[in-house]
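Observations on chain architecture
What follows is each chain in one-letter form.
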Amino acid sequence: MPERTTVTILGATGSIGRSTLELLRTHKDKFRITALAAGSGAGALCELAREFQPRFVALADKSKYHELHNGLEGTTAAFDCGDHAVTDAASLDADITICAITGIAGLSSTLAAIRRGKTVAIANKESLVCAGKLIMDAAKEHGTTLLPLDSEHNALFQIYDPAKIDDVTALTLTASGGPFRTWDAARIAAATPAQAVAHPNWSMGAKISVDSATLMNKGLELIEAACLFPQAAAMLKVVVHPQSVIHGMVSYRDGNVVAAMSQPDMKIPISYTLGWPNRLESMAKPLDLTKLSGLTFEEADTTRFPCLRLAQEVLASGNPAAPIVLNAANEIAVAAFLDSHLPLMGIPALVEEALQLETPIRPASITDVMTIDEGTRAWATHNLKRFAA
Ligand code: NDP
Ligand code: MG
């Protein structure tokens with residue numbers, strides 16, 4: 001049997017992690033797991049470890065050490081708890097690392113994986129938003145192949161030719177518009193967490209689902225695209241496309257527009273990163289264009305969805321501290337909204353005020369990034385109550 005490709009999954013118990021494992025279950029002959037890491041779900045992680053028999057299991061939550069220890073009984077996996085354990089998992093020598101932790105919590109493990117110089121598939125967009133330049137520089141320095149896993153960026157990666165950069169006039173990311181696309185402002189303002197996480201096309205974790213409902217997700221993705229593709233920020237566009245069939249488009253100066261299409265199923269971009277540079281069966285439903293009632297496009301409404309405007313302003317500002325502030329304030333606000341401590345429109349209100357604060361440093365290192373992140377989180381947590389009404 002040919003040597004199998006080794007894979008580490010950071011965020012193994014989440015939506016992306018589980019879709020990746022579903023693919024690996026189907027392609028057992030091609031892949032084996034090196035390490036699995038998660039946040040606090042010890043039971044779910046142990047169940048996956050018993051099935052996939054990784055070499056190493058890491059859980060960020062230190063208080064779950066005994067649960068992890070007991071749950072792994074009968075396996076040969078080494079294990080550890082704490083943030084350092086997640087970074088240790090990322091540092092093990094796997095051929096491919098899937099970075100699928102939510103939020104800036106995924107940054108240090110993403111960087112640890114990149115420093116190993118193999119292949120890193122990055123779903124953890126918050127890391128790119130906050131430390132894009134540091135990540136791209138580290139990938140270059142260590143000869144790491146960085147593959148975008150976010151569906152729009154994965155689509156663009158497949159159709160964008162860096163050798164033709166001067167011929168490109170626009171990179172367009174599509175947005176489904178989320179569950180509130182057709183709602184008026186008053187109804188959006190009264191939206192509940194359950195309504196916000198009920199995405200019409202994609203099944204995802206809670207945080208990214210809320211970001212999709214506010215269109216902050218698309219704003220984060222514009223900043224993510226600015227890191228991944230060497231195109232001027234002004235050339236990065238968003239169009240609302242409710243069917244989520246086209247994921248990304250590259251416009252050329254001769255008028256040609258190349259679009260990448262697929263079913264809205266994350267197993268497709270994940271399988272692309274697992275198989276790269278070859279193609280794998282993704283088990284996704286084939287796309288039958290004759291069965292679609294149509295493909296429609298709308299402009300994004302930044303009045304009803306001010307989070308997108310805020311992210312666009314951050315990108316246009318060119319201030320490298322601003323994306324970190326945007327992301328940190330948004331992470332705090334989304335968590336508060338999910339806990340029913342903040343109304344939906346409290347999210348852009350809190351983020352907008354955070355962006356008006358002075359940021360004392362320009363981020364030149366991960367320590368600087370974390371200093372700005374922690375300062376913003378402290379301010380946002382302290383000021384949450386003012387936005388709760
Ligand atoms: P989920 O909330 O479903 O999963 C998050 C994963 O991260 C879980 O395994 C969770 O573990 C783990 N985790 C959380 N905090 C920590 C921590 N401090 N240390 C280690 N692990 C941690 O999220 P998604 O899978 O939906 O999204 C993951 C990332 O991928 C996000 O950045 C998102 O924006 C991006 N993405 C997701 C898409 C999707 O379709 N879901 C599409 C494109 C991008 P536990 O369960 O134990 O808490
Ligand atoms: Mg996306």
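The structure reproduced in this document is the subject of the present report. (Residues numbered from 1 in each chain as written. Chains lettered and ligands numbered in written order. Predicted model: local features only at pLDDT ≥ 70, side-chain atom pairs only at ≥ 80, totals over all residues. Heavy atoms only, no water.)

1. Structural notes on the packing of aromatic side chains
Quick reminder of the rule: Here the aromatic set is Phe, Tyr and Trp, taking the six-membered ring for Trp, and pairing holds for ring centres within 6.5 Å; pairs whose planes are under 30 degrees apart are stacked, those over 60 apart are edge-to-face, and all others are tilted. Helix numbers and strand numbers start at the N terminus; a helix is a DSSP run of H or I with at least 4 residues, a strand a run of E with at least 2. Between buried and exposed lies partly exposed: a residue is buried under 20% and exposed over 50% of the maximum accessible area for its type, with that area taken using a 1.4 Å probe on protein chains only. Look at NZ for Lys and CZ for Arg. If either is within 6 Å of the ring centre and within 35 degrees of the ring normal, a charge sits over the ring.
Applying the stated criterion to the full structure yields 4 aromatic pairs. Their ring planes at 75° and their centres at 6.3 Å tell us that F157 and Y272 sit as a pair that is edge-to-face. Of this pair, F157 sits in helix 7 (residues 151-159) while Y272 sits in helix 12 (residues 267-275), and the two are 115 residues apart along the sequence. Seen from their ring centres, F180 and W183 are 4.5 Å apart, and the 40° between their planes marks the pair as tilted. Residue F180 is classed as buried on the basis of its relative accessible area, which comes to 0%. The side chain of R187 reaches across the aromatic face of W183, ending 3.8 Å from its centre.

2. Re the side chain of S176
Put simply, the test is: Polar contacts, as used here, are pairs of N or O atoms within 3.5 Å; protein pairs need one atom able to donate a hydrogen and one able to accept it. Residues neighboring in sequence count only if both atoms are side-chain atoms. Should any heavy atoms of two residues lie within 4.5 Å, those residues are considered in contact.
Within the fold, S176 resides in the loop between strand 8 (168-175) and helix 8 (185-189). We classify S176 as buried; its relative accessible area is 11%. Polar side-chain contacts of S176 include one of 3.0 Å to the backbone nitrogen of G178. Looking at S176, its side chain comes within polar contact range of the side chain of H199, at 3.1 Å. In contact with S176, other than residues within four places in its own chain, are R181, H199, N201, V240, H241, P242 and S244.

3. Re the coordination of the magnesium ion (ligand 2)
Around a metal, the ideal angle is 109.5 degrees if four donors adopt a tetrahedral arrangement and 90 or 180 degrees if six donors adopt an octahedral arrangement. Note the threshold: Note that water is not among the atoms considered, so a metal site may appear incomplete; the donors listed are N, O and S atoms within 2.8 Å of the metal, with 3.2 Å applied to Na, K and Ca.
Bound to the magnesium ion (ligand 2) on the protein side are D150 (OD), E152 (OE) and E221 (OE), at distances that span 2.1 to 2.2 Å. Along the chain, the residues that donate to the magnesium ion (ligand 2) are spaced as D-x1-E-x68-E. Taken as a pair, E152 in helix 7 and E221 in helix 11 (residues 216-228) lie far apart in primary sequence, 69 residues in all. Each member of the pair, E152 together with E221, is buried.

4. A look at the sheet that holds strand 7 (residues 145-148)
In a beta sheet, neighbouring strands pair by backbone hydrogen bonds and run either parallel or antiparallel. The condition that has to hold: The criterion for strand pairing is that DSSP finds at least two bridges linking the strands in question. Comment: axis = line fitted to C-alpha atoms, over the contacting stretch for helices; angle = value between 0 and 180 degrees taken between N-to-C directions.
Pairing in this open sheet of 7 strands is parallel, and the strands run 4-3-2-1-5-6-7 from one edge to the other. Every interior strand has two partners, whereas the edge strands, strand 4 (78-81) and strand 7, have only one. Ignoring strand direction, the axes of neighbouring strands in this sheet form an average angle of 20°. Summarising the sheet, strand 1 (residues 5-10) and strand 2 (residues 31-38) pair through 6 bridges and their orientation is parallel. Note that in strand 2 the partner of T6 across the bridge is R32. Strands strand 1, strand 2, strand 5 (96-99), strand 6 (119-122) and strand 7 of the sheet are contacted by helix 12, whose axis makes an angle of about 155° with strand 5.

5. Focus on the nonpolar core
Counted only if it meets this: Here, nonpolar core means buried Ala, Val, Leu, Ile, Met, Phe, Trp, Tyr and Cys residues that are tied together by side-chain atoms lying within 4.5 Å of each other. Domain extents, as shown, originate in an automatic or database domain assignment.
Ranked by size, the top nonpolar core spans 88 residues in total, and within it L146, L171, F180, V250, L326 and I347 carry the most contacts. For this core, the element with the most residues is helix 14 (residues 322-338), which contributes 10 residues. Three or more residues apiece are contributed to this core by two domains, here domain 1 (5-149) and domain 2 (154-318). Discounting residues that sit within four places of it in the chain, V250 has contacts with L156, I159, Y160, V168, A170, L171, N256, V257 and V258. Counting 34 residues, the second-largest nonpolar core is a separate cluster that includes I33, L36, A49 and L68.

6. Comments concerning the sheet that holds strand 9 (residues 236-240)
Strand order in the open sheet formed by 4 strands is 9-8-10-11, and the pairing between neighbours is mixed. Edge positions in the sheet fall to strand 9 and strand 11 (257-261), since each of these pairs with one other strand and no more. Averaged over all pairs of adjacent strands, the angle between strand axes in this sheet comes to 20°, irrespective of strand direction. The sheet contact formed by strand 8 and strand 9 spans 5 bridges and is parallel. Residue pairing for strand 9: T172 is matched across the bridge by K237. Contacts from helix 7 reach strand 8, strand 10 (246-252) and strand 11 within the one sheet, and its direction differs from that of strand 10 by about 40°. Along the sheet, helix 11 makes contact with strand 8 and strand 9, crossing strand 9 at roughly 150°.

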